[in-house]
Amino acid sequence: EAGVTQFPSHSVIEKGQTVTLRCDPISGHDNLYWYRRVMGKEIKFLLHFVKESKQDESGMPNNRFLAERTGGTYSTLKVQPAELEDSGVYFCASSHAYEQYFGPGTRLTVT
Amino acid sequence: AQTVTQSQPEMSVQEAETVTLSCTYDTSESNYYLFWYKQPPSRQMILVIRQEAYKQQNATENRFSVNFQKAAKSFSLKISDSQLGDTAMYFCAFMRGSSNYKLTFGKGTLLTVNP
């Protein structure tokens, strides 16, 4: 069974540019989560999808972040325009119930 | 809001020895889950062990076991017979026992197992 995959693994962009991160969950997992870890800090929850619907987006930092989940399958997280403080590792996780399986993360560097 | 505290940023242990990683949490919930996740260097995070708050018995997975003290809100991880492959960042995490399964993480403890 394939695990959670994320693309790209690394992204370096300039301040003001746009970046789109992608997450492919484990097949059949209705729940999909995005988390972020800024250097030296805790991993923070961003949002939670149940199928294609946003269940909880209380962790999204501001309206420069837009998450979508097409047809309840893969998800994208777009940052537009990117700021320096958006740098960090973005994790995606999926679950059938409460046990979450994580992807390898996307390391985003904004210069 | 829930908080999770890992007071040991870094720890080291000799191969084959036992080490305990600390975690405390704060919540007003009565139904919840606790987890320890492990992230080896340059690899993805994997679940090590989980504990349901309603269970009094401490969870065990091979060399990994927890000491769950509900009244004290403490959830420590014990690794027995440490192996070089146990070198990783360890995260303690909390989840409410409701339909929203978001995790609240501690800052992590970097464990190094020395040969």
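Scroll up to find the structure this text is about.
Notes on the structure follow. Note that the structure is a prediction, hence the values are computed from the model and not measured.

Next up on the list: unusual backbone geometry. The omega angle of the peptide bond from A:Phe7 to A:Pro8 is -5 degrees, so this bond is cis rather than trans. The residue A:Pro8 is located in the loop between strand E1 (5–7) and strand E2 (10–13) in this model. With an omega of -10 degrees, the peptide bond running from A:Gln80 to A:Pro81 counts as cis. Position of A:Pro81 among the secondary structure elements: in the loop between strand E8 (75–79) and strand E9 (88–95). One non-glycine residue, A:Lys51, lies in the positive phi region at around 55 degrees. Position of A:Lys51 relative to the elements: it lies in the loop between strand E5 (43–50) and strand E6 (53–56). Residue classification places A:Lys51 among the partly exposed residues on the basis of a relative accessible area of 43%. The phi angle at B:Asn62 is positive, at roughly 55 degrees, despite the residue not being glycine. Relative to the helices and strands, B:Asn62 is located in the loop between strand E7 (60–61) and strand E8 (64–69). For B:Asn62, a relative accessible area of 76% translates into the label exposed.

Listed as interface residues are 21 residues of chain A and, on the opposing side, 20 residues of chain B. Roughly 1800 Å² of surface becomes buried between chain A and chain B when both sides are summed, with 56% attributable to carbon and sulfur atoms. When the buried surface of chain A facing chain B is broken down by residue, A:Ile43, A:Tyr98 and A:Phe102 rank first, second and third, together holding 36% of it. If you look at where chain A meets chain B, you find two salt bridges.

Another point: the packing of aromatic side chains. Within this structure, the stated rule accounts for 18 aromatic pairs over all chains. Centre to centre, the rings of A:Tyr35 and B:Phe105 are 5.7 Å apart; their planes meet at 85 degrees, and the pair counts as edge-to-face. Placement of the pair is A:Tyr35 in strand E4 (residues 31–37) and B:Phe105 in strand E11 (residues 103–105), with the two residues belonging to separate chains. Taken individually, A:Tyr35 and B:Phe105 each receive the classification buried, so the pair is uniform in this respect. With 6.3 Å between their ring centres and 80 degrees between their planes, B:Phe68 and B:Phe75 make a pair best called edge-to-face. Note on accessibility: B:Phe68 and B:Phe75 belong to one class, buried. Note that A:Arg22 overlies the ring of A:Tyr74, its terminal NZ or CZ placed 3.8 Å from the centroid.

Moving on, we come to the environment of A:Gln6. All names here are of chain A. Looking at where Gln-6 falls in the secondary structure, it is placed in strand E1. Spatially, the C-alpha atoms of Gln-6 and Ala-93 are 9.7 Å apart, while their sequence positions differ by 87 residues. Excluding residues within four positions of it along the chain, Gln-6 makes contact with Arg-22, Cys-23, Trp-34, Tyr-90, Phe-91, Cys-92, Gly-103, Pro-104, Gly-105 and Thr-106. Here Tyr-90 takes part through its backbone oxygen, which lies 2.9 Å from a polar atom of the side chain of Gln-6.

Moving on to the sheet that holds E1(A). All names here are of chain A. One open sheet accounts for four strands, arranged E1-E3-E8-E7; its pairing is antiparallel. Looking along the sheet, the strands with just one partner apiece sit at the ends: E1 and strand E7 (65–69). Within this sheet the neighbouring strands show an average axis-to-axis angle of 15 degrees, counted without direction. One ladder, built from five bridges, connects E7 with E8; its direction is antiparallel. Its bridge partner lying in E8, Glu-68 is registered against Thr-76.

Most often, soluble globular proteins keep nonpolar side chains buried together rather than apart. Core analysis: the largest hydrophobic core is formed by 25 residues, its most contacted members being B:Tyr25, B:Trp36, B:Phe75, B:Leu77 and B:Tyr90. Excluding residues within four positions of it along the chain, B:Tyr90 makes contact with B:Gln6, B:Leu21, B:Trp36, B:Tyr37, B:Lys38, B:Val48, B:Phe64, B:Leu77, B:Ile79, B:Gly108, B:Thr109 and B:Leu111. If you look at the next biggest cluster of nonpolar residues, it comprises 21 residues, including A:Ile13, A:Val19, A:Leu46 and A:Met60.

What counts, and where the lines are drawn
- Here the residue numbering is sequential within each chain, running from 1 through the sequence in written order.
- To label them, take the chains in the order written and letter them from A, then take the ligands in the order written and number them from 1.
- Where local features are concerned, this predicted model is filtered to residues with pLDDT of at least 70; where side-chain atom pairs are given and counted, the filter is 80 or more; whole-chain, interface and lining totals use all residues.
- The basis for every side-chain value is the complete set of heavy atoms in the structure, and neither hydrogens nor water enter the calculation.
- Helix and strand definitions here come from DSSP, where helices need a minimum of 4 consecutive H or I residues and strands a minimum of 2 consecutive E residues; each element is numbered from the N-terminal end.
- Burial classes follow relative accessibility: with a 1.4 Å probe on protein chains only, a residue under 20% of its type's maximum area counts as buried, one over 50% as exposed, and anything between as partly exposed.
- Only heavy atoms matter for contacts: two residues are in contact if any of them lie within 4.5 Å across the pair.
- Accessible-area loss on putting two parts together, using a 1.4 Å probe and summing over both, is the definition of buried area adopted here.
- A side-chain nitrogen of Lys or Arg and a carboxyl oxygen of Asp or Glu constitute a salt bridge if their distance falls within 4 Å.
- Here the aromatic set is Phe, Tyr and Trp, taking the six-membered ring for Trp, and pairing holds for ring centres within 6.5 Å; pairs whose planes are under 30 degrees apart are stacked, those over 60 apart are edge-to-face, and all others are tilted.
- Two conditions define a charge sitting above a ring: the NZ of Lys or the CZ of Arg must be within 6 Å of the ring centre, and it must be within 35 degrees of the ring normal.
- Pairing of N or O atoms within 3.5 Å defines a polar contact, subject to two protein rules: one partner must be a possible hydrogen donor and the other a possible acceptor, and residues neighboring in sequence count only if both atoms are side-chain atoms.
- Here, strands pair whenever DSSP counts at least two bridges between them.
- Geometry is summarised by axes, namely lines fitted to C-alpha atoms with helices restricted to the contacting stretch, and by angles between N-to-C directions that run from 0 to 180 degrees.
- Among buried residues, the Ala, Val, Leu, Ile, Met, Phe, Trp, Tyr and Cys ones that are joined through side-chain atoms within 4.5 Å form a nonpolar core.

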